[in-house]
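Fold and geometry: a report
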Amino acid sequence: MKRAAASLLLAAIVLFVSGCGVNMFENADIMRPPGVTGSNAGIRECIERSAGADYVLKYPAHGDFRSAVITRDLNFDGTDECMVFCKSDSSDNIRVIIMSMAGNVWQTDADFEESSAQIDCVKFCDLNGDGMEDPVVGWGGFNSLPDRVAAYVNIDGEYRQLGIDSVYDNMYCGKFTDNKLDSIMLLSLSSSDNRAKASLITMNDQRSDLKLASSVDMNDDVTVIDNVSYGYINKTKYGLAVDGHTSSGKYIAQVLCCEEKSAVGVIYTQKYDLPIRCCDINRDGMIDIPTVSRLKTEEGTEPLDEVCFVTWNNIDPERRTLSPKDYTVFCESEGWCYRVSEDFKDKNTVALEEDGGYGFYKWDSEAYVPKKDSLLFTIRCFDETKEQSDPDSGVYKEILRSGNLVYAAKTESRSGIDIEQIKTNFILPKL
């Protein structure tokens, strides 16, 4: 994610990571220090007591928390704590200041320094199982990959700065191990010096420091990580599904989880020609792994590169096998899925229509030369920012709206399929 080529490709991708929170300042305020009135004034005064009057706020480059001043209820007592990144004129190091409210006054609970010049990202998780969230910060980056992870963990009422040096491309937090404590997963792509790998960082047995618990080699052909899904991979075990692509344009999904206690492993790898990604397609709480096959085409007709039949599977981590759970047609060009039956690819097909829509047809396999039969319905995407010159666009009915894009369908009276059925089966997954 931090490499120059990857940054441009992944700027718009939202990664599914552990935890969520509220930044204290909106984008309009992100480049200036806290205001001088109300509770913000107290934060500023607290910063000045620690860092001096002349300081510069420092901002994380990636992730969900991009402010230099982050408020979050770390101990779940109903009152926010505050975490500040800044650099004083007297030092090249970045300071990490953690504050809390005592009465109506902000006070400094911890004040640390990091020698790294850049903040990569900030995440929150409970590393030592005390029921409180611990800030986790990736350090480094800018002109190089991040090379250090630090956690600021409250141990016996006192924050401690726990760090471990490790170069990575992506960092995630979650409940990966059997002990149900949160831990940190680092993903690194291959380089001239190192193989691609996943590294699991946990607290040590005494819960007093971070340690490298295990690591596993990953596919060296992946040059860019496109998307990572964190969640259940079966009813009891969490894991990561890592979707990436190669320099030759192929797509690879890799599923990671801990196989024994804290031993991370790659339990499944799947290659694709289309950019289909793992996700919870049927919203049952578990990550689904897609397998792809082509739809039927008439003799002499080129197959549609952007449309395919997808079987969505659950994975058995022990046997490393897949079990089908759902079936869809996936349209890569417009990003939608349509739920179908298991035998759809044998009895139906999809073709590109003259108006730019995708027509769903019955398939006549009994004909001397198998061919398309009757048209059932058509799905088409309209961009509201562009004028629609097609005179037939008015016969389409809206089934779903996303920003400026309107997904619509045109039904055929003889098919017996109405617009409500299409709405029910239409899916716009976060792929």
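Structural notes, computed from the coordinates. (Residues numbered from 1 in each chain as written. Predicted model: local features only at pLDDT ≥ 70, side-chain atom pairs only at ≥ 80, totals over all residues. Heavy atoms only, no water.)

**Description of the overall build of the chain**
Quick reminder of the rule: By definition, any uninterrupted DSSP run of H or I lasting at least four residues is a helix, any uninterrupted run of E lasting at least two residues is a strand, and each is numbered from the N terminus. Residue burial is assigned from relative accessible area. The probe radius is 1.4 Å, only protein chains are included, and a residue is buried under 20% of its type maximum, exposed over 50%, and partly exposed in between. For this analysis, residues touch if any pair of their heavy atoms sits within 4.5 Å. Per-residue accessibility takes into account occlusion by the displayed protein chains alone, with areas from the Shrake-Rupley method and a 1.4 Å probe.
Across its full length, the chain holds 4 helices and 28 strands. A total of 431 residues make up the chain; the buried ones form 51% of that total. Looking at the chain alone, contacts between residues at least 24 apart form 46% of all its contacts between residues at least 6 apart. Here the chain has roughly 20700 Å² of accessible surface; of this, 45% comes from carbon and sulfur atoms.

**Some details on the sheet that holds strand β21 (residues 321-331)**
For the record, the criterion: Strand pairing is defined by DSSP finding a minimum of two bridges between the two strands.
A sheet is described by the order of its strands in space; here 5 strands give the open sequence β19-β20-β21-β22-β28, paired in antiparallel fashion. With one partner strand each, in any of the chains shown, β19 (289-293) and β28 (426-427) form the two edges of the open sheet. Examined bridge by bridge, strand β22 (residues 336-339) and β28 share 2 bridges and lie antiparallel to one another. Across the sheet, residue Y338 finds its bridge partner in β28, namely F426.

**What about the pairing of strand β25 (residues 371-383)?**
Taken together, the 6 bridges between strand β24 (residues 358-364) and β25 define a ladder with antiparallel strand orientation. Bridge pairing in β25 places Y358 opposite I379. What sits between the antiparallel neighbours β24 and β25 is a turn of 6 residues. The pairing of β25 with strand β27 (residues 405-411) spans 7 bridges and is antiparallel. By the bridge assignment, I379 is partnered in β27 with A409.

**Some details on the nonpolar core**
What counts here: Among buried residues, the Ala, Val, Leu, Ile, Met, Phe, Trp, Tyr and Cys ones that are joined through side-chain atoms within 4.5 Å form a nonpolar core.
Among the nonpolar cores identified, the biggest contains 24 residues, and W336, Y338 and F360 are the most heavily contacted of them. Listing elements by their share of this core, those giving two or more residues are β20 (307-316), β21, β22, β24, β25, β27 and α4 (419-425). In terms of residue count, the dominant contributor to this core is β25 (4 residues). When sequence neighbours within four positions are dropped, the list of residues in contact with Y338 reads Y327, T328, V329, F360, F377, I379, Q421, I422, N425 and F426.

**A word on the packing of aromatic side chains**
Just so we agree on the cut-off: Stacked, edge-to-face and tilted labels apply to pairs of Phe, Tyr and Trp rings (six-membered ring for Trp) whose centres lie within 6.5 Å, assigned for plane angles under 30 degrees, over 60, and everything in between, in that order. Two conditions define a charge located above a ring, namely a distance within 6 Å from the ring centre to NZ of Lys or CZ of Arg, and an angle within 35 degrees of the ring normal.
One pass over the full model with this rule turns up 16 aromatic pairs. Considering the side-chain rings of W336 and Y358, the 6.2 Å spacing of their centres and the 75 degrees angle between planes classify their relative orientation as edge-to-face. Taken together, the residues W336 in strand β22 and Y358 in strand β24 connect sequence positions 22 residues apart. When the centroid spacing of 4.5 Å and the interplanar angle of 20 degrees are considered together, the rings of F360 and F377 count as stacked. Taken together, the residues span a long stretch of sequence, with F360 in strand β24 and F377 in strand β25 at a distance of 17 residues. For the pair F360 and F377, a shared accessibility class is recorded, and that class is buried. The lysine or arginine in question, K372, covers the ring of Y361, its NZ or CZ lying 4.6 Å from the ring centre.

**Re unusual backbone geometry**
Trans peptide bonds make up the majority, and among non-glycine residues the majority have a negative phi. One non-glycine residue with positive phi stands out, namely K180, at about 70 degrees. In this structure, K180 sits in the loop between β11 (170-174) and β12 (183-188). A positive phi angle is found at K261, which is not glycine, with a value near 50 degrees. Here K261 is to be found in the loop between β17 (251-260) and β18 (263-272). Given the relative accessible area of 64%, K261 is considered exposed.

**Looking at the environment of I201**
With respect to the helices and strands, the residue I201 is situated in strand β13 (residues 197-203). For I201, a relative accessible area of 1% corresponds to the buried category. Each C-alpha atom, one on I201 and one on S262, is 9.2 Å from the other, the two residues being 61 residues apart in sequence. Aside from chain neighbours lying at most four places away, what touches I201 is I164, S183, I184, L186, L210, K211 and L212.

**Here's the deal with empty space enclosed by the protein**
Test applied: The definitions used throughout rest on a 1 Å grid laid over the protein atoms alone, on which a cavity is an enclosed set of points accommodating a 1.4 Å probe that cannot get out and a pocket is an open set flanked by protein within 12 Å on both sides along at least five of seven lines; lining residues are those having an atom within 4 Å of a point. Grid points are joined across faces, edges and corners, and a volume is the space filled by probe spheres set on the points. Amino acid classes used here: Ala, Val, Leu, Ile, Met, Phe, Trp, Tyr, Cys and Pro are nonpolar; Asp, Glu, Lys and Arg are charged; the rest, including Gly, are polar.
Here the structure, examined in full by the defined rule, presents 4 cavities of 30 Å³ or more. Within this model, the largest cavity holds a volume of roughly 50 Å³. Its residues assigned to classes, the lining of the largest cavity comprises 6 nonpolar, 3 polar and no charged. Estimates place the volume of the second largest cavity at around 40 Å³. Around the second largest cavity sit D226, D243, G244, Y251, I252, A253, Y272, P275, I276 and R277, which together line it. Looking at the lining of the second largest cavity, the elements that each hand over two or more residues are β16 (238-246) and β17. At 3 residues, the largest contribution of residues to the lining of the second largest cavity is made by β17. Across the lining of the second largest cavity, the residue classes tally to 6 nonpolar, 1 polar and 3 charged.

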